[in-house]
Amino acid sequence: MLENVEVKRLNNLDVLKAICAFLVICIHISYKGKIENIITPLCRIAVPIFFMITGYFYHKTSKKPLKQIKKIFLLIVLSNLLYIIINTIINGNMTVPNKEEIKNSFLYNSSPFSFQLWYLNALLYVLIIAYLSDKLKIRKYLYYFIPFLLLTNIVYGEYSIVVLNKDFDPIYMRNFLFMGLPFFLLGDLVYKNEDKLKEKLSTGKLSIMILIFAATTIVEEYMLDEIKKNAIGDLYISTIFLAVAIFIYAIKIRQVDIKNKLAIIGRKYSTYIFVIHVMFITLFNKYIVSNNILNNVIQIIIFFASLLVAMSYVKIKSLIMIGWKKYNSVSDAVKLITTREQSE
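Predicted model, so just to flag it, every value in this text is computed and none were measured.

Caption draft 1: Expanded view of helix α16 (residues 270–287). Between its first and last C-alpha atoms α16 spans 26 Å; for 18 residues at 1.5 Å apiece the expected length is 26 Å, and the two agree. Maximum bend of α16: about 35 degrees, positioned at I276. Every buried residue belonging to α16 is among S270, T271, Y272, I273, F274, V275, I276, H277, V278, M279, I281 and F284, and all of these are buried.

Following this line, the structure appears as structure tokens:
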């Protein structure tokens, strides 16, 4: 989700990031009525695809893994500070996490300040695991855990009532281990086997697979809802195959131009949209009276509001970096002149 794609053949993944950022918003503030049972399950592909994109590009970022880890850690700190401030302003008092919330944050990646920030915490853990596994030269063994981790997510997540007759807190599956790591590794596997996959899977086959898995995702949701055993989870069985099929399809088809608007949004702003959008959802839920018309367009409004803030942040950050570089250049020049004068 944080990679800057500069090669033309990768621009479709930037478009995919922009689309997935919007899909996440559609999950967090869902459409009303029966259409929710169609749209929300399909949107579940978003976070798996984000992790897959990170895994796909890890061959590049692994050259400077500590730099990427540091970047994610800084983003986590800034994001949590943002929501501490927002929650304080909205609620009138500062949120102080209790011991249980702190424990859950370290063990299960949940954030006590804003629920969507679990993704950043999970991503940090995944990158650390990838770094350590490379150091120990054991990453090839991690691939064998993918089916087990995904199966565990399904059994203790969306299908927990069916299989275990019990619903579990989603934080137990919505974390680095049962969501982040398996999809990161799938993205890495797609990169390593890209040529074979492109040769075996035509765009026609992939299109059919996407349609089939989209349909079976909706069927899974319908069946679980009908038997009243729809647990709180993030993955249907079909979600896994749908996410992988869409991911490979985006790599295989003709790439969009680097100046494509969606590609730019995905490349520069998707991460920040992911972080910021919950702020607008919170404001909407607290201060705006919903109605049928607004309920079905608010997702678009929040997307563009988040995009505007993300663009402003990136611009301000860029200006600060330019100013800092100029300051350092002037400072170095002054030191050089001072040193020469002293030596004379």
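From this point, the discussion proceeds with the structure in view.
Caption draft 2: Highlighting the pattern of salt bridges. Inspection of the entire model under this criterion finds 9 salt bridges. We note a salt bridge from E100 to K103, for which the minimum N-O separation is 3.3 Å. With E100 and K103 both in helix α6 (residues 99–108) and 3 residues apart, this pair spans about one turn of that helix. Since its relative accessible area comes to 39%, K103 is described here as partly exposed. In this structure, E194 engages K198 in a salt bridge whose closest nitrogen and oxygen atoms are separated by 3.0 Å. Note that E194 and K198 are positioned in helix α12 (residues 194–200) at a spacing of 4 residues, about one turn of the helix. It is possible to trace a salt-bridge network through shared partners that takes in D134, R139, D188 and K192.

Caption draft 3: Expanded view of the packing of aromatic side chains. According to the stated counting rule, one finds 17 aromatic pairs in the structure shown. An angle of 70 degrees between the planes, with centres 5.3 Å apart, marks the rings of Y58 and F184 as edge-to-face. Of this pair, Y58 sits in helix α4 (residues 58–61) while F184 sits in helix α11 (residues 176–192), placing them 126 residues apart in sequence. For the residue pair Y58 and F184, the accessibility class agrees, reading buried in each case. By the ring-pair criterion, three or more aromatic residues cluster together here, those being F50, F51, W118, Y119 and F274. Directly above the aromatic system of Y287 lies the positively charged group of K286, at a separation of 5.9 Å from the ring centroid.

Reading the values: the criteria
Residues numbered from 1 in each chain as written. Predicted model: local features only at pLDDT ≥ 70, side-chain atom pairs only at ≥ 80, totals over all residues. Heavy atoms only, no water. Helix = DSSP H or I, 4+ residues; strand = E, 2+ residues; numbered from the N terminus. Expected span 1.5 Å × (residues − 1). Bend = angle between axes of the 7 residues up to and from the residue. Buried < 20%, exposed > 50% of the residue type's maximum accessible area, 1.4 Å probe, protein only. Salt bridge = Lys/Arg side-chain N within 4 Å of Asp/Glu carboxyl O. Phe/Tyr/Trp six-rings, centres within 6.5 Å; stacked < 30°, edge-to-face > 60°. Lys NZ or Arg CZ within 6 Å of the ring centre and 35° of its normal.

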